[in-house]
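# Descriptive analysis of the structure
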Amino acid sequence: MAGVTHTAFRRLLGELGGVGLYATEMLSARSLPAEDPVASPYLRRTAAEAPLSYQVLVARPEEVGPAFEVLQALGADAIDLNLGCPAPEARRRGAGGALAAQPAAARAVVREARRRTALPLTAKIRLGERLDEEALRDLCCMLEGEGVELLTVHGRLRGEPYGRRPRWPWIGKVKGWVGIPVVGNGGIFSVEDAGRCLAESGCDGLMLGRGAVVRPWLFSRVAQEVFGGKGPVEGELPSRPGLYRRYLDLVEESFAPERRLGRIKEFTFYFSQTYPFGHTLATAVQSSRSLEEVRERSEAFFAANEPAGDE
């Protein structure tokens, strides 16, 4: 969710309701000590974004201490170790999914992480390089044994595209192997998806990623209709044009001018999928050269297009 789960988007989700735990963009442990906590667009947050988990990409134990000092000084509510990222750059560094595939190296990183913080320590994984119950079970049990307190499982193998249906029953296998809470992730784009993931996996909670960028109100709907929580009813939610305008306002409040367009274009790529001809909106925003131009072009699109049916 690089370029998406920044302070402006988290604030938007908070206004819509239903979020139990916010997450940052993936942060490089190697780069964190050099980041300016005031100026960095990756570290910006408001008091409303709480509790907030800082998601960290680590390759070696020696990266842990300096990075965790920064996060604890920032007031992190939890720290999440990313052991699932399939990006080639992360794998070349021996981080993300590549670290999870190296049991001894992963254990050393997790052990050092647990030693360096008293904050809640969580981890996110994929199912592995291939379907291998023994290897996956050993990884999950190691994480629990070394002090990870919550485990999020993305229900796909490392090389599987997002278009492939997630293997939610395999998340259920993990749930049966460990005694810590297990959170299901992957392929949740609707309330119905959320219900099926819970039913097929028996997991304790859900992490929403791309589905929540396409439909930012999805957290609220899932909280109410799947988990029985409270939040704004459907009629109280803003219209889609109103939601998009609010996002633009939050980006303008949160970032310097040179930091705005990239984040707006990334969000619009997903959000535009809620419209039958959303590619027109995405294309118009992609070629915009200023926030003012984004506002003009998006308003022209909203005036000409009715939103698609809900969910």
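Numbers given to residues run from 1 along each chain, matching the order in which its sequence is written. This being a predicted model, a pLDDT of at least 70 is required before a residue's local features are given, and a value of 80 or more before pairs of side-chain atoms are given or counted; all residues contribute to the totals for chains, interfaces and linings. The basis for the side-chain values is all heavy atoms of the structure; hydrogens and waters are excluded.

### Quick look at helix α1 (residues 7–16)
Since the α-helix advances by 3.6 residues per turn, residues separated by three or four positions end up pointing in the same direction. For every residue, the accessible area obtained with a 1.4 Å probe (protein chains only) is divided by the maximum for its type, and the residue is called buried under 20%, exposed over 50%, and partly exposed between those limits. The helix count covers DSSP runs of H or I at least four residues long, the strand count covers runs of E at least two residues long, and both are numbered beginning at the N terminus. For α1, the buried fraction is high: seven of the ten residues fall into the buried class. Turning to α1, its buried residues are Thr7, Ala8, Phe9, Arg10, Leu12, Leu13 and Leu16. Contact between two residues is taken to exist if any of their heavy atoms lie within 4.5 Å; hydrogens are not considered. On its buried face, α1 sits against β1 (22–23), β3 (52–57), α9 (210–214), α10 (218–225), α11 (240–254) and α12 (260–271). Looking one or two places after α1, you find Gly17, whose phi comes out positive at around 90°.

### Points about helix α2 (residues 64–73)
Those residues of α2 that sit buried are Val64, Gly65, Ala67, Phe68, Val70 and Leu71. Residues of α2 that are buried make contact with β2 (27–28), β3, β4 (78–83), α5 (103–116) and β5 (121–125). Just past α2, the residue Gly75 takes up positive phi, approximately 85°.

### Remarks on the side chain of Asn185
With respect to the element layout, Asn185 can be found in strand β7 (residues 182–185). At 3.0 Å, the side chain of Asn185 and the backbone oxygen of Met207 are in polar contact. The contact partners of Asn185, leaving out residues within four places of it in the chain, are Lys124, Thr152, Val153, His154, Gly155, Ile171, Met207 and Gly209. We define a polar contact as two N or O atoms separated by no more than 3.5 Å, with the added condition that, inside protein, one atom must be a possible hydrogen donor and the other a possible acceptor, whereas residues neighbouring each other in sequence contribute only through side-chain atom pairs.

### Describing the side chain of Ser254
Turning to its location among the elements, Ser254 is positioned in helix α11. With residues near it in sequence (within four places) discarded, Ser254 still touches Thr7, Ala8, Arg11 and Arg44.

### Structural notes on the layout of surface pockets
Buried and open spaces are told apart on a 1 Å grid over the protein atoms alone, a cavity being a set of points where a 1.4 Å probe fits but cannot get out and a pocket being an open set with protein on both sides within 12 Å along at least five of seven lines. Residues with an atom within 4 Å of a point are the lining residues. Grid points are joined across faces, edges and corners, and a volume is the space filled by probe spheres set on the points. If you add up the space inside the second largest pocket, you get close to 390 Å³. Forming the walls of the second largest pocket are 20 residues, and the residues nearest its centre are Ala100, Ala101, Gly128, Ala135 and Leu139. For the lining of the second largest pocket, the secondary-structure elements that each account for two or more residues are α4 (97–100), α5 and α6 (133–145). The element best represented in the lining of the second largest pocket is α6, accounting for five residues. By residue class, the composition of the lining of the second largest pocket is nine nonpolar, three polar and eight charged. Three classes are used, and their members are as follows: Ala, Val, Leu, Ile, Met, Phe, Trp, Tyr, Cys and Pro are nonpolar, Asp, Glu, Lys and Arg are charged, and the others, Gly among them, are polar.

### A word on the nonpolar core
What is meant by a nonpolar core is a set of buried Ala, Val, Leu, Ile, Met, Phe, Trp, Tyr and Cys residues, joined one to another through side-chain atoms within 4.5 Å. The biggest cluster of nonpolar side chains holds 87 residues, and the ones touching the most others in it are Ile125, Leu143, Leu151, Leu206, Tyr244, Ile264 and Phe267. Looking at this core element by element, the count peaks at six residues for α11. Leave out the neighbours within four places in its chain, and Leu143 touches Leu83, Val110, Ala123, Ile125, Val148 and Leu151. Counting five residues, the second largest nonpolar core, distinct from the first, contains Ala59, Cys85, Ala90 and Ala95.

### What to know about the environment of Ser28
When you line up the elements, Ser28 lands in strand β2. Sequence separation between Ser28 and Val58 is 30 residues, and the spatial gap between their C-alpha atoms is 6.7 Å.

### Topic: the pattern of salt bridges
Whenever Lys or Arg places a side-chain nitrogen within 4 Å of a carboxyl oxygen from Asp or Glu, that contact is recorded as a salt bridge. Applying the stated criterion to the full structure yields 28 salt bridges. We note a salt bridge from Arg130 to Asp132, for which the minimum N-O separation is 3.6 Å. According to the relative accessible area criterion, Arg130 is exposed, its value standing at 56%. Since its relative accessible area comes to 23%, Asp132 is described here as partly exposed. Ionic contacts of the salt-bridge type, sharing partners, join the residues Arg11, Glu15, Arg246 and Glu253 into one network.

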